[in-house]
Amino acid sequence: MHTLQQRIQAFATLGNMLNDFFLCGKQASLYHDLEIVLQKAEQHNAWFNRENCLFALQHWTNLLEEEHLSKWLSTYSIKEKSPKQVALILAGNIPLVGFHDLLCVLLSGNKAIVKLSSHDEVLLPFLMEKLKAINPIFADLTHFSQERITDFDAVIATGSNNTARYFEYYFGKKPHIIRKNRNSVAVLTGEETPEELHNLGEDIFRYFGLGCRSVSKIFVPETYNFNPFFEAIYSYHTLLQHQKYLNNYDYNKAVYLMSLFKLLENGFLLLKEDQKYASPIATLFYERYKNISTLTQHLEADKEQIQCIVSKGNIPHTIPFGQTQIPSLSDYADGVDTMTFLNNIN
């Protein structure tokens, strides 16, 4: 019988191997294999460029330190029991987006039956092969399936609002977490520093804005001047070097102009006034507000549509500028505690 501490140590060893890659380069044991995987990931999905894949790997390198893992899990009473089979239906919008769910399942002592997104079929299996080499117990605890999953005790499924209806129908009778579309927003006051606005660019542009933690809309005062914002984010103009981003920028601009929408733009980002939350790639929606109190009530009413709120702290439960893409281990998607859910499967 394997213990929680053994599982923690295995993931911490994986983190150390990744850390060696970032510190030692060609001298690291993972260097050759990981370089091949990074190329393969981008060939498979052009949105998974090297920079973003390395960013995701670096983030997980930091989180997989034994101290961080132990501190996170110390708040739970992990039951050593016969493992349950947990189906994971993963999204594929950003690199390694499903790793946290898999980490939770394995550290909770359960088995994972993983259905990968067709957009993200490279990085996660690679890391799991390395984890199995570190400790063979994970070979029996992890199975990647391309078939319809039928034998399971619980499920965690992530998808769109449309697929969520299918998930509810198919998985609803078993213990489940089913996630729908969410977007992140920022609240500006006009008093932000150039550094804060530049950091907001990281929240907007990291992963090309494809993540649920990516800021897709900003709320601004009625008399807001956008010039400081455009100046602060100018360094992100290199996004135009990515062909798919450029294609989306050109396409969306053409569609908006033909539809006679009023736009603000700086050559690589379109700003469109819109009440919706989910903006297309290379587009940022904005909405004007009269006062913070009314806006706070508005955001609270729409909380089921929002993953993160970025601000200077004038809105409750917000994240500082530049921090949306580096969640902690306890920052659960949709605010649902995955570890508690997994620990209570009967």
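Cut-offs and rules
Residues numbered from 1 in each chain as written. Predicted model: local features only at pLDDT ≥ 70, side-chain atom pairs only at ≥ 80, totals over all residues. Heavy atoms only, no water. Helix = DSSP H or I, 4+ residues; strand = E, 2+ residues; numbered from the N terminus. Rg over C-alpha atoms; globule rule 2.2 N^0.38 Å. Contact = heavy atoms within 4.5 Å. Lys, Arg positive; Asp, Glu negative; His and termini not counted. Charge placed at Lys NZ, Arg CZ, Asp CG, Glu CD. Pairing = 2+ DSSP bridges. Phe/Tyr/Trp six-rings, centres within 6.5 Å; stacked < 30°, edge-to-face > 60°. Buried < 20%, exposed > 50% of the residue type's maximum accessible area, 1.4 Å probe, protein only. Axes fitted to C-alpha atoms, helices over the stretch in contact; angles between N-to-C directions. Expected span 1.5 Å × (residues − 1). Arc of directions from axis to C-beta. Right-handed = clockwise from strand over helix to strand, strands pointing away. Core = buried A, V, L, I, M, F, W, Y, C linked by side-chain atoms within 4.5 Å.

Trainee: Summarise the overall build of the chain; cite the residues concerned and give the values.
Mentor: A count of helical and extended segments in the chain gives 13 helices and 11 strands. Taken over the C-alpha trace, the chain has a radius of gyration of 21 Å; the compact-globule value for 346 residues is 20 Å, and the two agree within 12%. Here the contacts in the chain between residues at least 6 apart in sequence split such that 74% fall between residues at least 24 apart. Side-chain charges of the chain comprise 31 positive and 37 negative groups, with the mean position of each set lying 7 Å from the other.

Trainee: Can you lay out the pairing of strand 9 (residues 270-273) for me, pointing to particular residues and giving the numbers?
Mentor: Summarising the sheet, strand 8 (residues 263-265) and strand 9 pair through 3 bridges and their orientation is antiparallel. By the bridge assignment, Glu 265 is partnered in strand 9 with Leu 270. Linking strand 8 to strand 9, which pair antiparallel, is a turn of 4 residues; within it Gly 267 sits at a positive phi near 100 degrees. By the bridge criterion, 4 bridges tie strand 9 to strand 10 (residues 283-289) in an arrangement that is parallel. Within the sheet, the bridge partner assigned to Lys 272 lies in strand 10 and is Phe 285.

Trainee: Hey, could you go over the packing of aromatic side chains for me, with residue numbers and the actual values?
Mentor: The full count for this structure, using the stated rule, is 21 aromatic pairs. Measuring from ring centre to ring centre gives 6.3 Å for Phe 11 and Phe 99, while their planes differ by 75 degrees; the resulting arrangement is edge-to-face. Residue Phe 11 is found in helix 1 (residues 4-24), and its partner Phe 99 is found in helix 5 (residues 99-107); the two are separated by 88 residues along the sequence. Exposure class is identical for Phe 11 and Phe 99. Each is buried.

Trainee: Talk me through the sheet that holds strand 3 (residues 142-144); I want residue IDs and the actual numbers.
Mentor: Taken in spatial order, the 5 strands make up an open sheet running 3-2-1-4-5, and their pairing is parallel. In this open sheet, the two edge strands, each paired with only one partner strand, are strand 3 and strand 5 (176-179). Shown here is a sheet whose adjacent strand axes are inclined to one another by a mean of 15 degrees, direction ignored. The sheet contact formed by strand 4 (residues 154-158) and strand 5 spans 4 bridges and is parallel. Counted as the bridge partner of Val 155 is His 176 from strand 5.

Trainee: Would you mind going over helix 2 (residues 31-44) in detail, with residue names and values included?
Mentor: Helix length check: helix 2 (14 residues) gives 20 Å between terminal C-alpha atoms against 20 Å at 1.5 Å per residue, within 8%. Every buried residue of helix 2 is accounted for by Leu 34, Glu 35, Val 37, Leu 38 and Ala 41. In an axial view of helix 2, the angular spread of the buried residues amounts to 165 degrees, which keeps them on one side of the axis. Within helix 2, the exposed residues directed more than 90 degrees away from the buried face are His 32, Lys 40 and Gln 43. For helix 2, the secondary structure elements touched by its buried residues are helix 1, helix 3 (50-63) and helix 6 (123-134).

Trainee: Describe the pairing of strand 1 (residues 85-89), and please don't skip the residues or the numbers.
Mentor: Of all 5 residues in strand 1, 4 are buried, a share of seventy percent or more. Relative to strand 2 (residues 111-115), strand 1 is paired through 5 bridges, and the arrangement is parallel. From the neighbouring strand, Ala 87 faces strand 2, where its bridge partner is Ile 113. In this region the chain leaves strand 1, passes through helix 5 and returns to the parallel neighbour strand 2; the handedness of that crossover is right-handed.

Trainee: Before we move on, could you go through the sheet that holds strand 9 and cite the residues and values that matter?
Mentor: Think of a sheet as strands paired side by side through backbone hydrogen bonds, with each pair either parallel or antiparallel. What the 6 strands build is an open sheet, ordered 8-9-10-7-6-11; its pairing is mixed. Strands with a single pairing partner mark the edges of an open sheet, and in this sheet they are strand 8 and strand 11 (306-310). Between one strand and the next, the sheet's axes are offset by a mean angle of 30 degrees, whatever the strand orientation. In this fold helix 9 (residues 194-205) packs onto strand 6 (183-187), strand 7 (215-221), strand 10 and strand 11, with an angle of close to 140 degrees to the strand it touches most, strand 7. Sheet strands in contact with helix 12 (residues 292-301) are strand 6, strand 7, strand 10 and strand 11, and its direction is about 175 degrees off that of strand 6.

Trainee: Which residues make up the nonpolar core, and what values do they have?
Mentor: Ranked by internal contacts, the top residues of the largest apolar core, which has 94 residues, are Phe 11, Leu 69, Trp 72, Ile 218 and Phe 229. With 9 residues, the top contributor of residues to this core is helix 1. Residues within four places of Trp 72 in sequence aside, it is in contact with His 100, Leu 103, Cys 104, Leu 107, Leu 329, Ser 330, Tyr 332 and Met 339. Ile 89, Ile 149, Ala 157 and Phe 171 belong to the second-largest nonpolar core, a separate cluster that totals 11 residues.

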